Amino acid sequence: MKLKTLLLALEAVAVMCSCSFRSHPVKALGHLEDVHHVHIPNWVMALVGTGNKEYSKDIDNIEIKSIRDLYVYGTDNEKSAGALCDKARQIAKNNGYELALKAREDGEHADIYVKQRGKRTSLMIIGKDSDGETSVVSMCAKISAGDLSKLISNK
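Keep in mind it's a predicted model, so treat the numbers as computed, not measured.

What counts and what doesn't
Residues numbered from 1 in each chain as written. Predicted model: local features only at pLDDT ≥ 70, side-chain atom pairs only at ≥ 80, totals over all residues. Heavy atoms only, no water. Helix = DSSP H or I, 4+ residues; strand = E, 2+ residues; numbered from the N terminus. Buried < 20%, exposed > 50% of the residue type's maximum accessible area, 1.4 Å probe, protein only. Areas by Shrake-Rupley, 256 points an atom, 1.4 Å probe, with all protein chains shown as cover. Salt bridge = Lys/Arg side-chain N within 4 Å of Asp/Glu carboxyl O. Pairing = 2+ DSSP bridges. Patch = residues over 30% accessible without salt bridge, like charges linked within 9 Å, V, L, I, M, F, W, Y side chains within 5 Å. Lys, Arg positive; Asp, Glu negative; His and termini not counted. Charge placed at Lys NZ, Arg CZ, Asp CG, Glu CD. Core = buried A, V, L, I, M, F, W, Y, C linked by side-chain atoms within 4.5 Å. Contact = heavy atoms within 4.5 Å. Expected span 1.5 Å × (residues − 1). Arc of directions from axis to C-beta. Polar contact = N/O pair within 3.5 Å; in protein donor to acceptor, adjacent residues only side chain to side chain.

(A) Fine view of the overall build of the protein. Per the secondary structure count, the protein includes five helices and six strands. Along the protein, from the amino end to the carboxyl end, the secondary structure elements read α-β-α-α-β-α-β-β-β-β-α. Here the protein, with 155 residues, has 33% of them falling under the buried criterion. Looking at the protein as shown, the accessible area adds up to about 9900 Å², and 55% of this sits on carbon and sulfur atoms.

Below, the structure is given as C-alpha cells:
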C-alpha cells in the first residue's frame, strides 16, 4: 500500500512538473557560477492566481494577469554579477526582446527588455544595486499597452 501511494505521488509530481519542461532561453542563466535561481512553474502560478487588486494598487493600478514562465536569478558575487548581466542582455537580444528602459541612478541600474506576442508580453528585467546584488526576472504575462507604458515610464 505504501509503495502504491508513493508511486502515485511521484506520478502526480511528474505530471505537474511537466508543464515546465519546455525549453526557455533564460534557463541558461542558471548554469552561471554563483548564480541562484528560482523557477515558479505555470501550474503553481495558476494555483496562486495573479491580478490581485491589492498588488495592482501598489503599482499605480497596473493590471498584470496570467503570469507565466516566472524565472528569478540572482547573485551577490561581483564576478558572477557581470556575467549574469552580460548573458541576460545577450539572451534578450538573441530572442527578439527590445530594450524598453535603461535607468541609472546612484550606482544602481535597471534595464527592462520587452517582447510582445499577441496579448502576451514577455519581460526581462535586469537590475543591479549599489552593493553589488544583481538579479534578473523573466516572465510572460497579459498586460495592456497602456499598463506596460505606465510600468516602463514609472509614472
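(B) Highlighting the pattern of salt bridges. Summed over all chains, the structure comprises four salt bridges. When the shortest N-O distance is used, the salt bridge between Asp 86 and Arg 89 registers 3.8 Å. You can see Asp 86 and its partner Arg 89 sitting in helix H4 (residues 78-94), three residues apart, about one turn around the helix. We note a salt bridge from Asp 111 to Arg 89, for which the minimum N-O separation is 2.9 Å. Here Asp 111, found in strand S4 (residues 108-117), pairs with Arg 89, found in helix H4; they are 22 residues apart in sequence, far enough to count as distant. Across this residue pair, the class does not change: Asp 111 and Arg 89 are buried.

(C) Examining the pairing of strand S6 (residues 134-142) more closely. The sheet contact formed by strand S5 (residues 120-128) and S6 spans nine bridges and is antiparallel. Paired with Ile 126 across the two strands is Val 136, which belongs to S6. If you look at the hairpin formed by S5 and S6, you'll find five residues sitting between the two strands, and Gly 132 has a positive phi there, around 95 degrees.

(D) How the structure looks around a negative patch on the surface. Residues Glu 33, Asp 34, Asp 76, Glu 105, Asp 106, Glu 108, Asp 131 and Glu 133 make up a contiguous surface patch of negative charge. Looking at where Glu 133 falls in the secondary structure, it is placed in the loop between S5 and S6.

(E) Quick look at the environment of Leu 101. Mapped onto the secondary structure, Leu 101 falls in strand S3 (residues 98-105). According to the relative accessible area criterion, Leu 101 is partly exposed, its value standing at 27%. For Leu 101 and Tyr 113, which are twelve residues apart along the polypeptide, the C-alpha to C-alpha distance reads 7.1 Å.

(F) Representation of the nonpolar core. By size, the foremost hydrophobic cluster in this structure holds 15 residues, and its most contacted members are Leu 29, Tyr 73, Met 124, Ile 126 and Val 136. Those elements giving two or more residues to this core turn out to be strand S2 (65-75), H4 and S5. When residues of this core are assigned to their parent elements, the largest contribution, five residues, is made by H4. If we ignore the near neighbours within four places in the chain, the residues touching Leu 29 are Val 35, Tyr 73, Leu 84, Lys 87, Ala 88, Ile 91 and Val 136. By size, the runner-up hydrophobic cluster in this structure holds nine residues, among which are Ile 67, Val 114, Ile 143 and Leu 148.

(G) Looking closely at the environment of Asp 106. Assignment of secondary structure puts Asp 106 in the loop between S3 and S4. Between the C-alpha atom of Asp 106 and that of Asp 129, which follows or precedes it by 23 residues, the distance is 8.8 Å.

(H) Representation of H4 within the structure. Taking 1.5 Å per residue as the helical rise, H4 with its 17 residues ought to reach 24 Å, and the 24 Å between its terminal C-alpha atoms agrees with that figure. Along H4, the positions that sit buried rather than exposed are Ser 80, Ala 81, Leu 84, Cys 85, Ala 88, Arg 89, Ile 91 and Ala 92. Here the buried residues of H4 occupy an arc of 165 degrees about the axis, which is enough to place them on one side. When the buried face of H4 is taken as reference, the exposed residues oriented beyond 90 degrees from it are Lys 79, Asp 86, Lys 93 and Asn 94. Its side-chain oxygen 2.9 Å from the backbone nitrogen of Lys 79, Asn 77 forms the N-cap of H4. Taken from the residues just after H4, Gly 96 is the one with a positive phi, measuring 80 degrees.

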